[in-house]
Amino acid sequence: MPDLTVTNVRPFNGTATDIHIRDGIVVDAPGANATVVDGLGAIALPAFVDAHMHLDKTLWGLPWRAHSAGKRLDEKIANERAARQELGADVEIQAARLIDQAIKNGTAAIRSHVDIDPDIGLANVESLLRVKSAYADVVDIQLVAFPQTGLVSRPGTSDLMHAAIEMGVDLVGGIDPQAIDGDADAHVRTIFDLAERTGAGIDIHHHEEGDAGADTLDLILDAVEAYAMQGCVTLSHAFCIGMVSEARMQSILDRIATLDVAIITTAPGYKAFPPVQAMREREIRVASGSDGVRDVWTPFGNADMLERAMLLAYRSNFRRDDEIEMVLDICTYGGGEVMDLEDHGPFPGQRADIVLIEAENAAEAVVNRPSGRRLIKNGALIG
Ligand SMILES: [Zn+2]
């Protein structure tokens, strides 16, 4: 790959400079025959990391479909099973459409859950593994084996998840051990056993609310300790942390920090969520993501992590520049840490996954979310 020099860019809010890239890494000095690209005074940020997506569910680019699901989780799951037949959308084509959109928005890494259940078997896994390899040069994709409709209550699912990991899926997923399966102990044990057998990490959807949800969360944290999986487990959502008493919240966060469990929050519009500032103060690894984008779960979403950063700031009542920069950090470096990616960004020594944004500064970029963006992935200008 030829060397690349991007002139006249401002890393974060710094002064204008040139960024030199060799072999996919930002270096101090320009190469002799470097390709030169005019940065046009844009700010240069680490490329976005969308750490929670559902690439196999999106209807992106298809004609508008009126939302048909009820409000409850079980209603949404039932609606999806019915709609899946009716829609017959091609998972591979749809996932590619959404990834293209994410790249356009400056995203260079995606963690996506992929549905596995006895009805669809490994069909979605096969589709997303093909998409992952087709996009290997332009976006890092991690997949999570996701038992959306239940694990221990759906016989055969854990075997399918095991097969998925052997096929190349990266992590073991889970969902609401008590609320979905009615047996939190068995659900948690099945997930951790599978992770132990395969050496895969874990990323669990946890939507259970209030103190009951926190009780389940305690069980998960017990398992992290018992299986010695510190540093290998992510909790997605974990709404309950934002719902319990201040004292219980503090003690949960302390334990999460000690066990090095990562948290992914999407800053949902309708629910409490784990307090961002308190997690960052404890140096808990925090990432964010789009979650469902234009699927039968929600008509919203646009695979734009700059918009996600705005939502995270807005819902956290962040207004100062340093607070807004904190959410940007979560949507870039934070995602990289949770996905265990090589450190990336616009500074010498970092992997050259960079997004150029026509903005005055980082905070203004979050507030205005300009569309003028260019993605550099592994040192190559994409698109
Ligand atoms: Zn999700």
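Residues numbered from 1 in each chain as written. Predicted model: local features only at pLDDT ≥ 70, side-chain atom pairs only at ≥ 80, totals over all residues.

Concerning the overall build of the protein chain
Inclusion rule: Counting from the N terminus, the helices are DSSP H or I runs at least four residues long and the strands are E runs at least two residues long. For the radius of gyration, the atom set is restricted to C-alpha positions; the globular benchmark scales as 2.2 Å times the number of residues to the power 0.38. Each residue is classed by its C-beta neighbour count within 10 Å, where at least 20 other C-beta atoms makes it buried, 12 or fewer makes it exposed, and intermediate counts make it partly exposed; the C-beta atoms are placed from backbone geometry. Residues are treated as contacting if the C-beta atoms built from their backbones sit within 7 Å of each other.
Within the protein chain one finds eleven helices and 16 strands. Taken over C-alpha atoms, the radius of gyration comes to 20 Å for the protein chain, in line with the 21 Å a tight globule of 383 residues would show. Referenced to the eigenvectors of the C-alpha coordinate spread, the extents of the protein chain come out at roughly 60 × 50 × 40 Å. Looking at the protein chain residue by residue over its 383 residues, the buried ones come to 50%. Looking at the protein chain alone, contacts between residues at least 24 apart form 76% of all its contacts between residues at least 6 apart.

Some remarks on the packing of helix 5 (residues 184-198) against helix 6 (residues 210-226)
To keep things clear, this is the line we draw: Each axis is a line fitted through C-alpha atoms, taken for helices only over the stretch in contact, and angles between the N-to-C directions span 0 to 180 degrees. Each crossing is labelled by how the near helix is turned from the far one, with a counterclockwise turn of less than a right angle marking it left-handed and a clockwise turn marking it right-handed.
It is the contact of helix 5 with helix 6, at a shortest axis distance of 10 Å, that shows an interaxial angle of 35 degrees. Between helix 5 and helix 6 the crossing geometry is right-handed. Contact residues: helix 5 offers A184, D185, V188 and F192, while helix 6 offers T216, L219, I220 and A223.

A closer look at the nonpolar core
Where we set the bar: Any nonpolar core is a set of buried residues, restricted to Ala, Val, Leu, Ile, Met, Phe, Trp, Tyr and Cys, that join up through C-beta atoms within 7 Å. Marked domain ranges trace back to an automatic or database domain assignment.
Core analysis: the largest hydrophobic core is formed by 109 residues, its most contacted members being V114, A145, V172, I263, A309, V327 and V366. The element contributing the most residues to this core is helix 10 (residues 321-338), with seven residues. Structurally, this core is a two-domain feature, drawing no fewer than three residues from each of domain 1 (4-45 + 345-382) and domain 2 (48-338). Ignoring sequence-local partners within four residues, the contact set of V114 consists of D56, N124, V125, L128, L143, V144, A145, F146 and V169.

A short note on the domain arrangement of the protein chain
The condition is simple: Classes in brief: Ala, Val, Leu, Ile, Met, Phe, Trp, Tyr, Cys and Pro nonpolar; Asp, Glu, Lys and Arg charged; the others, Gly included, polar.
By domain assignment, the protein chain separates into domain 1 (4-45 + 345-382) and domain 2 (48-338). Placing a centre on the C-alpha atoms of domain 1 and another on those of domain 2 gives a separation of 29 Å. Facing the 13 residues of domain 1 at the interface are 18 residues of domain 2. Residue assignment for the side of domain 1 that touches domain 2 shows that the elements contributing at least two residues are helix 11 (362-368) and strand 15 (373-377). Counting residues per element, the side of domain 1 that touches domain 2 draws most heavily on helix 11, at five residues. Grouping the amino acids of the side of domain 1 that touches domain 2 by side-chain chemistry returns nine nonpolar, no polar and four charged.

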